Amino acid sequence: MLFRRIWFSFVEIQDGTTHFSKVTCKKLRKNMKIHFFNNKVKNMNQSKECNVCYEKLDHFDSDDQEEMADPDVQANTDEADSINTLWNIHDELNKLRGHMSSHNLHLSESDIVQKINFEETSGGHALPRSYIVVRIAADIPERTLVWLVDRIKGKRRDGGAELIVMRQPYNIKDGIVLHISASQIKFLEAAEEMEIVKMDKHGVMREFVVNDLEEFLAEGMHTEDLLTVTERQKIVRHELENIRALAEDNFIPGYPNIDLYEGQSVLQVCLGKGIVSKVYPLHDRELLKKLGHSWYLTFFRTQPFAEIREYFGEAICLYFTFLGFYTTALLIPLFLGCVQLLIGAEAVPFFCVFNVVWVTVFLEVWKRKSNELAFQWGTIGMTSMDEPRPNFQGHMAIDEVTGKMSPQYPRIKTNFKMYCGSLPIVGLCLLGAFFIMLSSFWAEAYLKQSEWEWAPILVPLPSIVYTCLVFLMDSYYRRLATYLTEWENHRTQSQYDRHRVTKLILFEFVNNFMSLFYIAFILQDMDMLRSQVATMLIITQAINNVQEAIIPLVIKFYHVKVLEIQNIISGVPKRAELQKTGRPTLQREYSEYAPLAAVPEIPEDDQRIKDADEEGDLDDYEGTYDDYLEMFIQFGYVVLFSSVYPIAAFWAVFNNVLEIRADAFKLCVVYQRPMGKRVKDIGAWQKAFEALGALSIMTNCGLLCLSPQVRAYRPEYSEVGWVLLFVILEHFLLGLRYLLHIAITDKPQWVRVALAKKNHESRQALKFERAVKNRRILTRKFKTVHGPHKN
């Protein structure tokens, strides 16, 4: 009680009458700790006195005392001396309060918090760095705009994000553009809350804790250098997405028809309803230029994976790591495929078996590699009980794991929606796609057999129509898969991505491979199958590379030119002209409007305005799904029909060398900077690749038994004999695959040892904490009730 009284005296230093909340007290205390740590105390004549008082208070902080105190020393401490010392601190604080009241600090609690945030980030001079840009619709009602800005910069206890908001000068083209940043204190608090993993002084990757701040700072390192730009962008985006509706928020102000429920992400609702048009991070031009020179502008150097992860995050880095690993592994089937071409059909059975073994070993070794990277990146412990994603819907309740308030939704409802709703719908879509594929084959066969004079000319028509239908079906099915996965209401982002990808993979499998299965096992035309695989592997991949890297640049170039012509015709002034002639009337209205007038305005000559405008016109990068899909389809062509087209691996390697550069180029030049995403593996794609590997056993064994060259060696075998040979060979390879799966462990030995060591240290720390607490309880009990304890 005495310490609590002293602490509230400490935060009443303004004039003795203002009482602040516990949240503000905690923020002030953390602010002081970071300020003193970095020697940033300025314009305070009493800095020495305040520092001494703070150190004494920090010494008697109950949390620090439990962690740092020696039980034996505490047991022998004289309680009366401690009380006297605390009263002395109380007197010093009263004197300090009187000194500081003479500086005329008449500020409200929210003003103090906002001032702390702004001065901590900007140093009191220039505006802080922009991490996230938020574009708001130009026709938004004023009360909606004010409400949204207040929620972004408001206190957390009031449902706010406690972020720093800046605004661009208004013009007709851009509408309302906000730049979002955060204070250094906010970054550190959120880093601990988000369990961001950093390397400490001893080279150990562990979760960042503010209390151990010094342990994460190497010699000469500043707190501002602790978090990367990508991590800061993730923190700001995380705080924006976690602005959730309160119990009293029934609708968005100014939009009574847009309902809100408690716990709903306000940002996601605004994005869905068009109130907020875009939310995107800004590129770092200098770092991006260096990354490009060492990445897509070189052909004979390894990819800079550390720089890729630091700039784009773990998800994108893992994709490029997988792409490089897969391309390297393809060199083995490439070599054997060339040998098979030289030897001839006699070696087909050997290479067929070897390819099956290669697929299994490749996937198992990649799984080890993935776990190794996840441990190094600190993501190996991610589970389905991690923090809910922004669009997760449910009633607000205390989480059983974390003890915090978060949305809760019964898992049984999600399972019911998946198996009784989504599964039948997806099944019908797959049957429809399969029937359309069969119809194109039937139509083509009918035209080939028809005696109509126009029939030979119209033979390619069914394939052309089918290609167009596949494109349309794929576009609409993606929307359906996204809607169904959203409707299922999965808790975490990894669960959502996994179930969405699973739905899309099934549909893509039917569109890309079922026609080949029909040719191979129904028509049994090996020449046609070989030609079809070569066409789809070479032509499709070439089109994809052009579509990803070249076409967007051409479209962007002509889009800019068209906009310039339209602006000249309509008389819309450029930003340089606005700077000379003055801003439009609407800008003056917003500048004079009191709530937004308090929002700092970025100068018009600031480079970040140009960057925000240019990057806002770029396409949004929708994630790694399309990139993994290309590799999935290519992998299927290589492993499913390797016995028919042995040089498929050569074209795959050739494409992947270009693919790495094309994908890197589009990320650095064509698209907006994507938000960094933490992942521990490639998710549903691992299972999809493994499914293709298992399926390749049956397809290659089937093609082997159907091959005329192989059948020529055993003409005495009947159809039953060949079927029996297929079953025996297929079971043997499945057994071999299972043995390899068991023999190759998922985690390397050093990772398992490190995880066991970390688990042991956690248990020991918990035991020590309990021992300290038990000793304090027993010491207090025997000293206050039974008298001093004697051995």
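Structure: above.
Peer 1: Tell me about the overall build of the protein chain, and please be specific about residues and values.
Peer 2: Tallying secondary structure elements over the protein chain gives 31 helices and 10 strands in all. The burial tally for the protein chain puts 47% of its 791 residues in the buried class. Long-range contacts, defined here as pairs at least 24 residues apart, represent 74% of the contacts in the protein chain between residues at least 6 apart. Summed over its atoms, the accessible surface of the protein chain is roughly 41,400 Å², and 60% of this surface lies on carbon and sulfur atoms.

Peer 1: Please set out helix α19 (residues 461-488) residue by residue, giving values where relevant.
Peer 2: The end-to-end C-alpha separation of α19 is 40 Å, in line with the 40 Å expected for 28 residues at 1.5 Å each. Every buried residue belonging to α19 is among Pro462, Tyr466, Val470, Met473, Asp474, Tyr477, Arg478, Ala481, Leu484, Thr485 and Glu488, and all of these are buried. With its phi angle positive at about 65 degrees, Asn489 sits one or two positions after the end of α19.

Peer 1: Just give me the short version of the environment of Pro460, but keep the residues and values in it.
Peer 2: Mapping Pro460 onto the fold places it in the loop between α18 (455-458) and α19. Along the chain, Pro460 and Ala443 lie 17 residues apart, while their C-alpha atoms are 9.9 Å from each other.

Peer 1: Could you give an account of the packing of helix α16 (residues 348-377) against helix α30 (residues 719-743), with specific residues and numbers?
Peer 2: Helix-helix packing: each pair is described by the crossing angle between the helix axes and the interaxial distance. Where α16 meets α30, the axes come as close as 10 Å, and the angle between the chain directions of the two elements is 25 degrees. In terms of orientation, α16 and α30 fall into the roughly parallel class. Every pair of crossing elements has a handedness; the one defined by α16 and α30 is right-handed. For the pair formed by α16 and α30, the contact residues are Val353, Val356, Val357, Thr360, Val361, Glu364 and Lys367 on the first element and Leu733, Leu736, Arg737, Leu740 and His741 on the second. A per-class count over the contact of α16 with α30 returns seven nonpolar, two polar and three charged.

Peer 1: I'd like a description of a nonpolar patch on the surface, backed by residues and values.
Peer 2: Among the surface-exposed residues, Leu461, Ile464, Val465, Leu469, Phe471, Leu472 and Tyr476 lie close enough to one another that they form a single nonpolar patch of about 700 Å² accessible area. With respect to the helices and strands, the residue Leu469 is situated in helix α19. Overall, Leu469 belongs to the partly exposed group, its relative accessible area being 34%.

Peer 1: Give a detailed account of the nonpolar core, specifying residues and quantitative values.
Peer 2: In this structure, Trp295, Phe312, Leu529, Phe632 and Trp685 are the most contacted members of the largest nonpolar core, which totals 89 residues. Apart from the residues lying within four places of it in its own chain, the contact partners of Phe312 are Thr230, His283, Leu288, Leu291, Trp295, Leu667, Cys668, Pro674, Met675, Gly676 and Lys677. Listed in part, the 49 residues of the second largest apolar core include Val149, Leu178, Ala182 and Ala190.

Peer 1: Provide a residue-level description of the sheet that holds strand β8 (residues 276-281), including the pertinent values.
Peer 2: Pairing between sheet strands relies on hydrogen bonds along the backbone, with the strands arranged either parallel or antiparallel. Pairing is antiparallel across the open sheet formed by four strands, whose spatial order is β2-β3-β1-β8. In this open sheet, the two edge strands, each paired with only one partner strand, are β2 (164-167) and β8. With strand direction ignored, the average angle separating the axes of adjacent strands in the sheet is 25 degrees. In terms of strand pairing, strand β1 (residues 132-136) meets strand β3 (residues 176-181) through five bridges, oriented antiparallel. Across the sheet, the residue bridging to Ile132 is Ile180, located in β3. Here helix α10 (residues 229-241) sits on the sheet in contact with β1, β3 and β8, set at roughly 40 degrees to β1.

Peer 1: Now, about the side chain of Gln168: what can you tell me, with residues and values included?
Peer 2: In this fold, Gln168 is placed in the loop between β2 and β3. Within the local environment of Gln168, its side chain forms a polar contact with the side chain of His179, the two groups lying 2.8 Å apart.

Peer 1: How would you summarise the packing of helix α20 (residues 493-523) against helix α26 (residues 625-640) if you had to cite specific residues and measurements?
Peer 2: Taken N-terminus to C-terminus, the directions of α20 and α26 make an angle of 35 degrees; their axes are 11 Å apart at the nearest point. Note on packing geometry: the crossing formed by α20 with α26 is right-handed. Across the interface between the two elements, Val501, Leu504, Ile505, Glu508, Asn512, Phe513, Leu516 and Phe517 of α20 pack against Tyr625, Leu629, Phe632, Ile633, Gly636, Tyr637 and Leu640 of α26.

Peer 1: Tell me about the pattern of salt bridges, and please be specific about residues and values.
Peer 2: With the rule as written, the count across this model stands at 32 salt bridges. Glu444 serves as the salt-bridge partner of Lys448, at 3.6 Å between the closest nitrogen and oxygen. One end of the pair, Lys448, and the other, Glu444, are both in helix α17 (residues 411-449), four residues apart, so they sit about a helical turn from each other. Taking the relative accessible area as the measure of exposure, Lys448 reaches 52% and is therefore exposed. We note a salt bridge from Lys503 to Glu488, for which the minimum N-O separation is 3.1 Å. Of this pair, Lys503 sits in helix α20 while Glu488 sits in helix α19, and the two are 15 residues apart along the sequence.

Cut-offs used in this document
Residue positions within a chain follow its written sequence, with the count starting from 1. The model is predicted, so local features are restricted to residues of pLDDT at least 70 and side-chain atom pairs to those at 80 or more, both for listing and for counting; the totals for chains, interfaces and linings are taken over all residues. The basis for every side-chain value is the complete set of non-hydrogen atoms in the structure, without hydrogens or water. Helix and strand assignments follow DSSP, with helices taken as H or I runs no shorter than four residues and strands as E runs no shorter than two, numbered in order from the N terminus. Accessibility here uses a 1.4 Å probe with only protein chains present; expressed as a share of the type maximum, an area under 20% marks a residue as buried, one over 50% as exposed, and anything in between as partly exposed. The contact definition used throughout considers only heavy atoms, calling two residues in contact when any of these lie within 4.5 Å. The method behind every accessible area is Shrake-Rupley, applied with a 1.4 Å probe, and residues are considered shielded solely by the protein chains displayed. How far a helix is expected to stretch is found by multiplying one less than its residue total by 1.5 Å. Between the N-to-C directions of two axes lies an angle of 0 to 180 degrees, each axis being a line fitted to C-alpha atoms and, for a helix, fitted only over the stretch in contact. Convention used here: angles under 35 degrees read as roughly parallel, angles over 145 as roughly antiparallel, angles from 65 to 115 as roughly perpendicular, and any remaining angle as oblique. Handedness of a crossing follows from how the near helix is turned relative to the far one, being left-handed for an anticlockwise turn of less than a right angle and right-handed for a clockwise one. Classification used: nonpolar for Ala, Val, Leu, Ile, Met, Phe, Trp, Tyr, Cys and Pro, charged for Asp, Glu, Lys and Arg, polar for all others including Gly. To count toward a patch, a residue needs a relative accessible area over 30% and no salt bridge; like charges are then connected within 9 Å, while nonpolar side chains (Val, Leu, Ile, Met, Phe, Trp, Tyr) are connected within 5 Å. One side-chain nitrogen of Lys or Arg within 4 Å of one carboxyl oxygen of Asp or Glu is enough to make a salt bridge. To qualify as a nonpolar core, a set must consist of buried Ala, Val, Leu, Ile, Met, Phe, Trp, Tyr and Cys residues joined through side-chain atoms within 4.5 Å. For two strands to count as paired, DSSP must find a minimum of two bridges between them. Think of a polar contact as two N or O atoms within 3.5 Å of one another; within protein, one of them needs to be a possible hydrogen donor and the other a possible acceptor, and neighboring residues in sequence only count if both atoms come from side chains.

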